[in-house]
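# What the coordinates show
So you can see what is in the structure, the chains are spelled out below.
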Amino acid sequence: MSDEEGPSVEKTNSEDSSLPEQERESVEEPQAVEETESVEEPQPVEEPEAPEDTEAVVEAESVEPEPAEAPRPVDEEASDSTEATVDESANEVTTVIPVVPAEDAPPTEVVNSAPATEAIDEQTEQFEPPAVVVPPKPPRPEFVQQYDTQQFEPIQQQYEPVVREPEAVAPPAPQQQPEAPAPASSRKWVKPAIALGAIFAVAVIAYGVDIFTSSGKTPRGTQVAGVDIGDLTPADAEATLRAELGPRLVEPVAVHAGGVDSEIVPASAGVDVDWSATLSGVNAQPINPITRITSFFGSREVPVVSTVDQGALDASMSQLAANSDRAPVEGAVVFESGKATGVSPAAGQALETQQAGAMFAAEWSDGGVVDLPVDEVPVTVTQAGVDRALQEIAIPAASGDVVVNGRDGKVATLGVDQIGEVLTFTPDGSGGLTPQYNTDAAIKILTPQLVSTEVQPKDASFTFAGGKPSVVPGVVGDLINWPDTVKELPVLLGSTASRATPAVYGPVPPALTTEAADALGINEVIGEFTTGGFEYASGVNIGLAASEIDGAVIKPGDTFSLNEYTGPRGAAQGYVESGIINNGRPDKAVGGGISQLATTLYNATYFAGMDDVAHTEHSYYISRYPEAREATIFDGAIDLQFRNPAKTGVMIETIATSSNITVRIWGTKTVDVASTTGPRTSPTSPNTVTLPEGPGCVASSGAPGFTVSDTRVITDHASGAEISSNTRTVKYDPVPIVKCE
């Protein structure tokens, strides 16, 4: 072994002398690096570079290598290097440290747990330059001991470009590591990868072709209301949609509202299709390849955009609501043929017209039944409330008749078949029923049955015996006090034992007592008027009506009505057909002629100082009446009314004969009345009317029309002072000339 080997070995051992023996062994047995070209065999360097620190090149430990230090300028340490090949132009040093292997040394091991190829690649990547090859351990132990203990001193020598001395040691050649084969897992994916690449290339080409051929068309699988418009140009899509969807606008669409089925025609309900807005909802061609692939196997629904005539739609919903709405059936108890029956409650429903209209406009094109929303209208009475009222009140009430005992053994009966007219039920607000007892209905049923047991009161009246009025005393009645009699009706109806009660009688004074009649001051005539010249039929009617009002008393402040006092004046009351004025010309009707009584009464009250409340003059003037001071009357339409303004009462007296009628107003005279009639003005000529001859034609010679006024002046009877002055102007139409031909 030459002198140059020792210092190199000694330096290595000197650097690692501090390691434990076990670690030193691992240093002494490094694995030779096979594939690093720069370390297989030192080569001459033509252009040496600055040498790097050789101490940082190798660490004889079985640890992972650290990155090499940055290059430093060549200094004295470079002269200490042995077995180095110096490239002066590049200033780089390649150092080879030979180690003599032991005789019984184990096979060379790689100083790393990683695979050999990976370790070599990693070391080569980290430590170039310089690269290091560690030969096997020398066989002489004494040399190793000397190597470990000697101090390394750098020896500066000049080396030729190629150093061969390490070959003198003749160490055994490092064990050649076979080239690691490629992993089997990598080889088995080669063919699938090629196949996948080919498939991908085909897919890309197909994708591009699909994009190109579908450009400018609607996306594949697009549907509107079930109409397929996919893969069409926009114009073709609209044409197809109009052809398929347009006819549906005039076809009835089934709707369901609660429990009611019906049909609505969209066009009649003001619903139409907004074609542009609908087609604008169709998206552009999708770029996503997944979306394009799935479009071959599915469809995408685009909603129809509708336009709405709100007025027509609201009207259609209101019409539907009229058929679909159902009022709630409240729980109740009814009586049928004397038997109490319960009515089960049932909730009602009401169409939500606004929401229903919006829903119909949105869903009419779907092709199915449009389910429209309805609100439930709740009931207030529960079935339990019905059952309770039925068992506790209604059934006992219908268990028998209710009897009211009157005088002289007479009775009045409220039969079981009449219980329903008296007993009803209303909701109590808590789910139950409250009984309502109609005592007025009970009194109406019972009163006629006991009226014969009562004494009716009679008002005091006046008689004109001896030409002067005298008071006829009134009669105090003895009547059943029905409110008191039926006040125990709830108890009677709830009883299943005794269901009879006595009638409660009591005195009832007349409306005009004898004392009140005496105090009225009816003792002299304060107004009187007489008319005549009527025909026989009119006289009959005038006599009947006059007898009705004869003796009528008007208390202070009261108002008298001729129609109310006489009541109906028809054939049933004995009235006959007589002359009237109908539509401005003479005619006949039952009860005709009463206007003469009205005119006579009006004038009597006029001069008695009564207040005129209501009266109407004839449409044309009748010569037997005073101008502007006369009145007509018609049953149920035209009335004569006056009010008594005095502090004393007044009474009407009528005296009827076959030729005239006289009306007197009795009372206490307090005022005087004067009448002034003005001249006739504004005359008008009659026209001629020709009618077919017969019962319906009343001939007339006609008369001119005119305007006239009447002034009434009222003065105080005691002082003569004027109390009031009123003028009334009347325009009379001309009496037409009627010819019957």
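Residues numbered from 1 in each chain as written. Predicted model: local features only at pLDDT ≥ 70, side-chain atom pairs only at ≥ 80, totals over all residues. Heavy atoms only, no water.

### Quick word on the overall build of the protein chain
Here is the rule: Put simply, DSSP marks the helices as runs of H or I at least four residues long and the strands as runs of E at least two long, and each gets a number from the N terminus on. Categorising residues by exposure relies on relative accessible area from a 1.4 Å probe, with only protein chains included: less than 20% of the type maximum marks a residue as buried, more than 50% marks it as exposed, and the intermediate range marks it as partly exposed. Should any heavy atoms of two residues lie within 4.5 Å, those residues are considered in contact. Methods summary: accessible areas were calculated by the Shrake-Rupley approach with a probe of 1.4 Å, and residue burial reflects only the protein chains presented.
When helices and strands are tallied, the protein chain shows 22 helices and 38 strands. Burial analysis of the protein chain (741 residues in total) assigns 37% to the buried set. When contacts within the protein chain are restricted to residue pairs at least 6 apart in sequence, long-range pairs at least 24 apart make up 73% of them. Looking at the protein chain as shown, the accessible area adds up to about 39,600 Å², and 53% of this sits on carbon and sulfur atoms.

### Focus: the pairing of strand β31 (residues 650–656)
Definition in use: Here, a strand pair is defined by DSSP locating no fewer than two bridges between the strands.
Within β31, five of the seven residues are buried, which leaves the element mostly enclosed by the surrounding structure. Relative to β31, strand β25 (residues 553–554) is paired through two bridges, and the arrangement is antiparallel. The residue bridging I554 from the neighbouring strand is V650, located in β31. Inspection of the sheet shows β31 paired to strand β32 (residues 660–667) by six bridges, in the antiparallel sense. Looking at β32, one finds that I655 is bridged to T662.

### Considering the confidence of the model for the protein chain
Worth spelling out the cut-off: Values of pLDDT, ranging from 0 to 100, describe the predictor's confidence in every residue of the model.
Scored by pLDDT, the protein chain comes out at a mean of 78, with 71% of its residues at no less than 70. Here strand β1 (residues 84–87) stands out as the least confident element of the protein chain, with mean pLDDT 39; strand β30 (residues 641–643) is the most confident, with 98. Note on residues 1–133: pLDDT under 50 across the span, and 238 contacts to partners over four residues away in sequence or across chains. A low-confidence stretch, residues 141–152 stays under pLDDT 50, and its non-local contacts, those more than four residues away or across chains, total 19 contacts.

### What about helix α22 (residues 594–608)?
Selection criterion: Residue count minus one, scaled by 1.5 Å, sets the expected span of a helix.
If you check α22, its first and last C-alpha atoms are 21 Å apart, about what 15 residues at 1.5 Å a residue would give, namely 21 Å. G609 occupies a position one or two residues after α22 and carries a positive phi of about 85°.

### Considering the sheet that holds strand β4 (residues 227–228)
Taken in spatial order, the three strands line up as β4-β3-β8 in an open sheet, and their pairing is mixed. Of all the strands in the sheet, just β4 and β8 (300–302) have a single pairing partner and so form its edges. Two strands pair when backbone bridges link them, and strand β3 (residues 222–224) and β4 are joined in this way by two bridges, in the antiparallel orientation. Bridged to Q223 within β4 is D228.

### Considerations on the nonpolar core
To keep things clear, this is the line we draw: As used in this record, nonpolar core signifies buried Ala, Val, Leu, Ile, Met, Phe, Trp, Tyr and Cys residues forming a set joined through side-chain atoms within 4.5 Å.
Among the nonpolar cores identified, the biggest contains 33 residues, and F560, L562, L597, L601, I652 and I665 are the most heavily contacted of them. At the level of secondary structure, the elements contributing two or more residues to this core comprise β24 (524–532), α20 (536–549), α22, β31, β32 and β33 (671–677). In terms of residue count, the dominant contributor to this core is α22 (eight residues). With residues near it in sequence (within four places) discarded, L597 still touches I542, A545, A546, I549, I661 and V663.

### Observations regarding the packing of α20 against α22
So the rule is basically this: Angles run from 0 to 180 degrees between N-to-C directions of axes, and those axes are lines fitted to C-alpha atoms, restricted for helices to the stretch in contact. The cut-offs work like this: below 35 degrees is roughly parallel, past 145 is roughly antiparallel, 65 to 115 is roughly perpendicular, and the gaps in between are oblique. For any pair of crossing helices, the crossing counts as left-handed if the nearer helix is rotated counterclockwise from the farther one by less than a right angle, and right-handed if it is rotated clockwise.
At a closest axis distance of 8 Å, the pairing of α20 and α22 adopts a crossing angle of 45°. In terms of orientation, α20 lies oblique with respect to α22. Where α20 crosses over α22, the two elements pack in a sense that is right-handed. Of the residues in α22, those in contact with N541, I542, A545, A546 and I549 of α20 are I594, Q596, L597 and L601.

### So, the sheet that holds strand β13 (residues 370–372)
The mixed open sheet is built from three strands, whose spatial order is β6-β5-β13. For this open sheet the edge positions go to β6 (260–264) and β13, each flanked by a neighbour on one side alone. Direction aside, neighbouring strands of the sheet carry axes that sit 30° apart on average. On top of the sheet, helix α12 (residues 310–324) reaches β5 (253–257), β6 and β13; it is set at about 155° to β6, its chief contact. Contacts from helix α13 (residues 353–363) reach β5, β6 and β13, with the element oriented near 170° to β13.

### Brief notes about the pattern of salt bridges
Just so we agree on the cut-off: By definition, a salt bridge exists where a carboxyl oxygen of Asp or Glu is found within 4 Å of a side-chain nitrogen of Lys or Arg.
This model, assessed by the stated rule, comprises nine salt bridges. Measuring nitrogen to oxygen at the nearest pair gives 2.6 Å for the salt bridge that ties R643 to D611. Taken as a pair, R643 in strand β30 and D611 in strand β29 (residues 611–614) lie far apart in primary sequence, 32 residues in all. On the basis of relative accessibility, which here comes to 32%, the residue R643 falls in the partly exposed class.

### A closer look at the environment of V416
In this structure, V416 sits in the loop between β16 (411–414) and α15 (419–422). Owing to a relative accessible area of 25%, V416 belongs among the partly exposed residues under this scheme. A sequence separation of 18 residues divides V416 from A398, and the C-alpha atoms of the two residues are 5.4 Å apart. What V416 contacts, discounting residues up to four positions off in sequence, is G338, A398, S399, G400 and D401.

### Looking at unusual backbone geometry
Phi is positive for D408, which is not a glycine, with a value near 55°. The topology assignment puts D408 in the loop between β15 (402–405) and β16. Classification of D408 by relative accessible area gives exposed; the value is 73%. In the Ramachandran plot, S682 falls in the positive-phi region, its phi being about 50° despite a non-glycine side chain. On the secondary structure map, S682 appears in strand β34 (residues 681–684).

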